[in-house]
Amino acid sequence: MGKQVWRVVVAGGAAAVFTAVAAVPAGAAEGGVSFTRVQVNGGKPIVIGVSKEVAVPASFRMATTHQWKWPAVFLYRGGAGDRLWHAIETSDCIKVSSGVCDFNETMYFDPSVWDMHNSEAGAWKVGAEVYFKGGGGDTDDEGLTVHVKRNSRLTVNASPEPVSKDRTITVTGKVTRANWETRKYASYGGRLVSLQFKPAGAASYTTVKKVYANGSGDLRTTVKASRTGTWRWVYYGNTTTGPSTSSGDNVVVK
């Protein structure tokens, strides 16, 4: 049996709170409903930290001749039909034609309120469902995948400042990522991170070298300072962790 899912749905101008036992979407439960034009977060990953609520836009079209209530798209995975815990706000029907409605939806993920597990980072499937007035409903798999990721952070420090031309500077930093279970950021060791430089007056950064963080997530490298400019670290993320960019540290070359 899947875990209990609590959701808030706003439709028709009224809010309803209910629980449902998740089941694997495997085609129409009762039929008579078609979901199309399903989008979640514009196809981009959902990146979640440890304290701030993340609002994720979604949209879909539903066609049915049934009298309905509570339509929504949701995230699930696994043979047990586990759903990712979140709150939902759904718009009223935006009528397209008889029996056809477009909906705008917002999924709310709040790691400071709900218990999230680090194992929940990764790929999730997208399902769509609707409950009928009088009982019953329809639940379908939509053939889409959304990645839910733990947020990462980077720090930077370049020294000495200022420095003589063509002298060596040391650039350090640290890469961490959200631990949803402790609600804190923890060291993320072994990551390959890019060191970038932007000369004074330039509009963009250029990658100078790539450095692996040690087991504690610490970054350290040396470079020659040939001109004044700003240094930063960039991590591009992976399937379970979001990308991050440090602030810039300006070094004046005399």
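Residues numbered from 1 in each chain as written. Predicted model: local features only at pLDDT ≥ 70, side-chain atom pairs only at ≥ 80, totals over all residues. Heavy atoms only, no water.

Draft legend 1. Representation of the environment of V163 within the structure. For V163, the location among the structural elements is in the loop between β13 (152-159) and β14 (167-179). When neighbours within four sequence positions are excluded, V163 is seen to be in contact with T168, I169, A225, V251, V252, V253 and K254. (Helix = DSSP H or I, 4+ residues; strand = E, 2+ residues; numbered from the N terminus. Contact = heavy atoms within 4.5 Å.)

Draft legend 2. Local environment of the nonpolar core. Formed by 30 residues in total, the largest nonpolar core has its most connected members in V40, I46, I48, V73, L75, F109 and V148. Elements supplying a minimum of two residues to this core: β3 (33-40), β4 (46-48), β5 (54-64), β6 (68-77), β10 (100-109), β11 (122-132) and β12 (137-150). Apart from residues lying up to four places away in sequence, L75 is in contact with I46, D82, R83, L84, H86, M107, F109, W124, K125, V126, V146 and V148. Formed by 21 residues, the second largest nonpolar core is a distinct cluster that contains V163, I169, F197 and A225. (Core = buried A, V, L, I, M, F, W, Y, C linked by side-chain atoms within 4.5 Å. Buried < 20%, exposed > 50% of the residue type's maximum accessible area, 1.4 Å probe, protein only.)

Draft legend 3. Highlighting the sheet that holds strand β7 (residues 82-83). Strand order in the open sheet made by the five strands is β4-β12-β11-β6-β7, with mixed pairing throughout. Edge positions in the sheet fall to β4 and β7, since each of these pairs with one other strand and no more. Summarising the sheet, β4 and β12 pair through three bridges and their orientation is parallel. Directly across from I48, in β12, lies its bridge partner R150. (Pairing = 2+ DSSP bridges.)

Draft legend 4. How the structure looks around the packing of aromatic side chains. Evaluated as defined, the whole model comprises seven aromatic pairs. A ring pair is formed by Y188 and Y235, whose centres lie 6.2 Å apart and whose planes are at 85°; its orientation type is edge-to-face. Here Y235 lies in strand β19 (residues 229-235) and Y188 lies in the loop between β15 (184-187) and β16 (192-199), a separation of 47 residues in the sequence. Note that R153 overlies the ring of Y185, its terminal NZ or CZ placed 3.9 Å from the centroid. (Phe/Tyr/Trp six-rings, centres within 6.5 Å; stacked < 30°, edge-to-face > 60°. Lys NZ or Arg CZ within 6 Å of the ring centre and 35° of its normal.)

Draft legend 5. Spatial organisation of the pattern of salt bridges. Evaluation of the coordinates by the stated rule reveals four salt bridges. One salt bridge connects D102 with R61, and the closest N-O pair in it is separated by 2.6 Å. Of this pair, D102 sits in strand β10 while R61 sits in strand β5, placing them 41 residues apart in sequence. With relative accessibility at 16%, the residue R61 sits in the buried group. Notably, a salt bridge pairs E129 with R83, separated by 3.0 Å at the nearest N-O pair. Placement of E129 in strand β11 and of R83 in strand β7 is noted, with a sequence separation of 46 residues between them. (Salt bridge = Lys/Arg side-chain N within 4 Å of Asp/Glu carboxyl O.)

Draft legend 6. Layout of the side chain of N118. Residue position: N118 is located in the loop between β10 and β11. With residues up to four places along the chain from it excluded, the contact list for N118 reads R150, A178, N179, W180 and E181.

Draft legend 7. Expanded view of unusual backbone geometry. At the junction of S159 and P160, the peptide bond is cis and its omega measures out at 0° in the coordinates. For the bond running from E161 to P162, omega is -5°, close enough to zero to count as cis. Residue position: P162 is located in the loop between β13 and β14. Positive phi, normally seen in glycine, also occurs at R37, with a value near 55°. Within the secondary structure, R37 is located in strand β3. Under the relative-accessibility criterion, R37 is labelled exposed at 60%.

Draft legend 8. Representation of the confidence of the model for the chain. The predicted model of the chain averages 89 in pLDDT, with 87% of residues at 70 or higher. Segment residues 1-29 is flagged for pLDDT under 50; beyond a separation of four residues in sequence, or across chains, it makes 88 contacts in the model. (pLDDT = per-residue confidence, 0-100.)

Draft legend 9. Structural view of the environment of T145. Checked against the element boundaries, T145 lands in strand β12. C-alpha of T145 to C-alpha of Y76: the two residues are 69 residues apart in sequence and 9.6 Å apart in space. Once you skip the residues sitting within four places of it in the chain, T145 turns out to touch A123 and W124.

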